[in-house]
Amino acid sequence: AGVRLIRDAAIVLPDAGRFAWRATRTRDRVTLSGFTSADEHAPVLSHNDANPTNMVYDGTDLLLLDWDTAGPMHPYYDLAVISMFLRMSDDACCRLLSTYAGEPVAEQPESFRHFRRLGAVLCGAMSVRLACLAGHAGDAAATLEATPSLGDFYQRMRAGAVNLASGAGQWQFGLALIKESASL
């Protein structure tokens, strides 16, 4: 299985005033010049919301849907978030990065590990917030130690014991993601 890149898509970049973005296609990736990160990677056009509800796996390819939040981001961000949600092992992450880079990657770069943790805590915080907006009262006594792991949450959801569409399900998912961020 691989990540299929959509070719020849029309890309509209916002006019950010003080920033000059220029899209350049390199090896089927769109890179944006005018920015660099601390690790010298130029931003690429990223999905920026690669959560499971925006993913479709067709048995061969992982497709990303709903590109409303697309914009410039570090090239590892979407890959790191996908790897976190899919609970990929360190070896699987290195294979993913190797596929992306087109050359062997023996260990995860620090920025990739950082984005895995960041994605988990940001998505967790958003899920907790959505739970509150859905009327969930929260649980002041909740601790990370007592919170099920993300893997346990997925198993409970598959078994029908938790409904992600409910406030309680969103709350539990958010806490499981925040716990996951601490373990990455």
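Given the structure is predicted, the values throughout are model-derived calculations rather than measurements.

K.L.:
Looking at this model, I keep getting lost on helix α3 (residues 110-133). Mind explaining?
P.N.:
Since there are 3.6 residues in each turn of an α-helix, residues three or four apart along the chain are aligned in direction. The first and last C-alpha atoms of α3 sit 35 Å apart over 24 residues, in line with the 34 Å expected at 1.5 Å per residue. If you check which residues of α3 are buried, you get S111, F112, F115, R116, G119, A120, G124, S127, V128 and A131. Elements in contact with the buried residues of α3: α1 (77-85), α2 (90-101) and α5 (167-183).

K.L.:
Explanation requested: a nonpolar patch on the surface in the structure shown.
P.N.:
Among the surface-exposed residues, M126, L130 and L133 lie close enough to one another that they form a single nonpolar patch of about 300 Å² accessible area. Looking at where M126 falls in the secondary structure, it is placed in helix α3.

K.L.:
When you look at α1 in this model, what are you seeing that I'm missing?
P.N.:
Counted residue by residue, α1 has nine buried out of nine residues, so it is predominantly covered. Along α1, the residues classified as buried are Y77, D78, L79, A80, V81, I82, S83, M84 and F85. R87, located one to two residues past α1, shows a positive phi value of around 55°.

K.L.:
Just checking my understanding: could you explain the environment of H47 for this structure?
P.N.:
Along the chain, the position of H47 falls in the loop between β4 (44-46) and β5 (55-57). Separated by 22 residues in the primary sequence, H47 and T69 have C-alpha atoms spaced 6.3 Å apart. In this view, H47 contacts N54, L64, L65, D66, W67, T69, A70 and D78; residues no more than four positions away in its chain are not counted. Engagement of the side chain of H47 in a polar contact is seen with the backbone oxygen of L65, the distance being 2.6 Å.

K.L.:
Is there a simple way to think about unusual backbone geometry in this case?
P.N.:
Phi is mostly negative for residues that are not glycine, and the peptide bonds are mostly trans. You will see that N48, though not glycine, has its phi angle at about 70°, which is positive. Using a relative accessible area of 21% as the deciding quantity, one classes N48 as partly exposed. The phi angle at D66 is positive, at roughly 60°, despite the residue not being glycine.

K.L.:
Would you explain the nonpolar core in this entry?
P.N.:
The tendency in soluble globular proteins is for nonpolar side chains to be buried as a group. Formed by 27 residues in total, the largest nonpolar core has its most connected members in M55, F85, F112, L150 and F173. Elements represented by at least two residues in this core include exactly β6 (61-64), α1, α2, α3, α4 (150-158) and α5. With seven residues, the single largest contributor to this core is α1. Excluding residues that lie within four positions of it along the chain, F173 makes contacts with F85, S127, L150, F153, Y154 and L164.

K.L.:
What should I look at first to understand the pairing of β6 in this one?
P.N.:
In the case of a regular strand, side chains alternate between the two sheet surfaces. The sheet contact formed by β5 and β6 spans three bridges and is antiparallel. Pairing of M55 across the sheet is with L64, part of β6. What sits between the antiparallel neighbours β5 and β6 is a turn of three residues, in which G59 has the positive phi angle 95°.

K.L.:
Explain the side chain of S98 to me, please; I cannot follow it from the model alone.
P.N.:
Tracing the chain through its elements places S98 in helix α2. What makes S98 buried here is its relative accessible area of 17%. When residues no more than four places from it in sequence are discounted, the contact partners of S98 are E103, P104 and V105.

K.L.:
Honestly, the confidence of the model for the protein chain in this entry has me stumped. Any pointers?
P.N.:
A low pLDDT means the predicted coordinates there should not be read in detail. Chain-level statistics for the protein chain give a pLDDT mean of 82 and a share of 78% at 70 or above. Of all the helices and strands in the protein chain, strand β2 (residues 22-26) carries the lowest mean pLDDT, 42, while α4 carries the highest, 96. When the criterion is pLDDT under 50, residues 1-33 qualifies, and its contacts beyond four places in sequence or with other chains add up to 54 contacts.

K.L.:
Can you walk me through the packing of aromatic side chains in this structure?
P.N.:
The way to describe two aromatic rings as a pair is by their centre distance and the angle between their planes. One pass over the full model with this rule turns up six aromatic pairs. For the pair Y76 and F112, a centre-to-centre distance of 6.1 Å together with 85° between the ring planes defines the contact as edge-to-face. Linking Y76 in the loop between β7 (71-73) and α1 with F112 in helix α3, this pair joins segments that are 36 residues apart in sequence. In terms of burial, Y76 and F112 fall into one category: buried. Ring geometry for F85 against F173: centres 6.3 Å apart, planes inclined by 25°, an arrangement best described as stacked. On the criterion of sequence distance, the pair formed by F85 in helix α1 and F173 in helix α5 is long-range, its members being 88 residues apart. Neither residue differs from the other here; F85 and F173 are each classed as buried. Ring-pair connections join several aromatic residues into one group, and the members of that group are F85, F153, Y154 and F173.

Criteria and thresholds
- Residues numbered from 1 in each chain as written.
- Predicted model: local features only at pLDDT ≥ 70, side-chain atom pairs only at ≥ 80, totals over all residues.
- Heavy atoms only, no water.
- Helix = DSSP H or I, 4+ residues; strand = E, 2+ residues; numbered from the N terminus.
- Expected span 1.5 Å × (residues − 1).
- Buried < 20%, exposed > 50% of the residue type's maximum accessible area, 1.4 Å probe, protein only.
- Contact = heavy atoms within 4.5 Å.
- Patch = residues over 30% accessible without salt bridge, like charges linked within 9 Å, V, L, I, M, F, W, Y side chains within 5 Å.
- Areas by Shrake-Rupley, 256 points an atom, 1.4 Å probe, with all protein chains shown as cover.
- Salt bridge = Lys/Arg side-chain N within 4 Å of Asp/Glu carboxyl O.
- Polar contact = N/O pair within 3.5 Å; in protein donor to acceptor, adjacent residues only side chain to side chain.
- Core = buried A, V, L, I, M, F, W, Y, C linked by side-chain atoms within 4.5 Å.
- Pairing = 2+ DSSP bridges.
- pLDDT = per-residue confidence, 0-100.
- Phe/Tyr/Trp six-rings, centres within 6.5 Å; stacked < 30°, edge-to-face > 60°.

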